[in-house]
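This is what each chain is made of:
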Amino acid sequence: MDRDTWNDLSVFAAIVDAGGFTAAGVRLGLTASALSHRMRAMETRMGVRLLHRTTRSVAATEAGERLLASLRPAMSGIEEALNALETDRVRPAGRVRVSAHRAAAFQLVLPRLPAFTEAWPEISVELVVDDGLVDIVSGGFDAGIRRAPALEQDMVSVRLDQGEGLRMVASPDYLRAMGQPRTPADLARHRCLNYRFASGAIYRWTFEYDGQTTTMQTPLGLITNDMDVLREGALAGLGIACVVEALAAPHIAAGRLVSVLDDWRPRLPPNYLYYAGRRNPPPALRVFIDAMKAPLP
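First, a word on scope: everything that follows refers to the structure included in this document. (Residues numbered from 1 in each chain as written. Predicted model: local features only at pLDDT ≥ 70, side-chain atom pairs only at ≥ 80, totals over all residues. Heavy atoms only, no water.)

1. Some words on the sheet that holds strand β5 (residues 143-147)
Reasoning step 1: The strand order β4-β3-β5-β15-β6 describes an open sheet built from five strands, whose pairing is mixed. With one partner strand each, in any of the chains shown, β4 (123-129) and β6 (155-159) form the two edges of the open sheet. Looking at each pair of strands side by side, their axes are set apart by 25° on average, direction ignored.
Reasoning step 2: Pairing geometry for strand β3 (residues 94-100) and β4, over seven bridges, is parallel. Note on β4: the bridge partner recorded for A100 is V129.
Reasoning step 3: On the sheet, helix α5 (residues 102-109) packs against β3, β4, β5 and β15 (271-276) and is oriented at approximately 145° with respect to β4.
Reasoning step 4: Helix-sheet contacts for helix α10 (residues 283-293) involve β3, β4, β5, β6 and β15, and the interaxial angle to β15 is about 170°. (Pairing = 2+ DSSP bridges. Helix = DSSP H or I, 4+ residues; strand = E, 2+ residues; numbered from the N terminus. Axes fitted to C-alpha atoms, helices over the stretch in contact; angles between N-to-C directions. Contact = heavy atoms within 4.5 Å.)

2. Quick word on the nonpolar core
Reasoning step 1: Core analysis: the biggest nonpolar cluster contains 26 residues, and M168, L187, W205, F207, I240 and L261 have the highest contact counts within it.
Reasoning step 2: At the level of secondary structure, the elements contributing two or more residues to this core comprise β7 (164-170), α7 (172-178), β8 (192-195), β9 (205-209), α8 (227-235), β12 (240-244) and α9 (245-253).
Reasoning step 3: Element by element, the count of residues in this core is highest for β12, at five residues.
Reasoning step 4: Here F207 is in contact with M168, P184, L187, Q212, T213, T214, M216, L261 and W264, once residues within four sequence places are set aside. (Core = buried A, V, L, I, M, F, W, Y, C linked by side-chain atoms within 4.5 Å. Buried < 20%, exposed > 50% of the residue type's maximum accessible area, 1.4 Å probe, protein only.)

3. Quick notes on unusual backbone geometry
Note: most residues except glycine have negative phi, and most peptide bonds are trans.
Reasoning step 1: Positive phi outside glycine occurs at D210, with the angle close to 55°.
Reasoning step 2: Here D210 shows up in the loop between β9 and β10 (212-216).
Reasoning step 3: Judged by relative accessible area, which is 69%, D210 ranks as exposed.

4. With respect to the packing of aromatic side chains
Reasoning step 1: Summed over the entire model, instances satisfying the criterion amount to four aromatic pairs.
Reasoning step 2: Geometrically, the ring pair formed by F116 and F288 is edge-to-face, given 5.6 Å between the ring centres and 90° between the ring planes. Here F116, found in helix α6 (residues 113-119), pairs with F288, found in helix α10; they are 172 residues apart in sequence, far enough to count as distant. Note on accessibility: F116 and F288 belong to one class, buried.
Reasoning step 3: Here the aromatic rings of F197 and Y203 are separated by 6.2 Å at their centres, their planes lie at 75°, and the arrangement is edge-to-face.
Reasoning step 4: Members of the aromatic cluster, connected to one another through ring pairs, are Y195, F197 and Y203. (Phe/Tyr/Trp six-rings, centres within 6.5 Å; stacked < 30°, edge-to-face > 60°.)

5. Focus on the side chain of R112
Reasoning step 1: Along the chain, the position of R112 falls in the loop between α5 and α6.
Reasoning step 2: Summary of buried charges: R112 has no salt-bridge partner, and the nearest side chain of opposite charge, D161, is 7.6 Å away.
Reasoning step 3: If we skip the residues at most four places from it in the chain, R112 touches L160, A291, M292, A294, P295 and L296. (Lys, Arg positive; Asp, Glu negative; His and termini not counted. Salt bridge = Lys/Arg side-chain N within 4 Å of Asp/Glu carboxyl O.)

6. Topic: the pairing of β7
Reasoning step 1: For β7, the tally of buried residues reaches seven of seven residues, placing the bulk of the element in the interior.
Reasoning step 2: With two bridges joining them, β7 and strand β14 (residues 267-268) adopt antiparallel strand pairing. Paired with E164 across the strands is L268, a residue of β14.
Reasoning step 3: In the sheet, β7 pairs with β12 via four bridges, with the strands oriented antiparallel.

Remember, this is a structural readout, not a statement about activity or role.
Take a look at the structure:
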């Protein structure tokens, strides 16, 4: 088999994995039209149609699926062999591209990066912050960091923390004017500052008490997609906000915010670093994973 055919087969697998020419082009550094031309040429050369094309998506035909089923073990074996050779490098180098939600970027990744950069100056870390769910394979990422329920399937995962508590907080002036809630039901007469996910859904506040968990949609005051804005809104006296412990703690200690409904406080699931299942991850990714598992400074 000539080199061009092998390259085209790799491109074919990448297009199917990405679900389209554009996403695959971003990953491979080629234009969508160039990929489409290569696939048409390969189909002509092989005399069989491998891809279903629509205006919105691209998928493998039945013949294409059979070809992929045979290709993937071989491609995986070659990738593992190349990765094994790479481990013989004295110093890992290159780029590690990571997708993380905002809290993880600030609380888990950034504090560990100074020591990592000092230990591995030949490795560049690209940290892309996105609170939405991201397909790290089609997005061209080496790894992602999300909380447990958001993990993608068929991924190797490494737990980075034990989860984090949430705090319901408001300014002293707001509570003097509106009163302090004693149970979640009391929130009905309050202004609540709400978080909107990247999916468009508004977070339903969760409460844990005596081993029971309940959720409720609180009254809508300010709505934002940024946790820092929620905290600042609470500091400004706009209402009660539900924010992560790390954002609230310094302001509670300084008396700028008051924590309410402490007996009902929930915890968020742990954060996990995850990557596409491989027995031998690339050296740069391997040492990055080790750095993220190290205790926080």
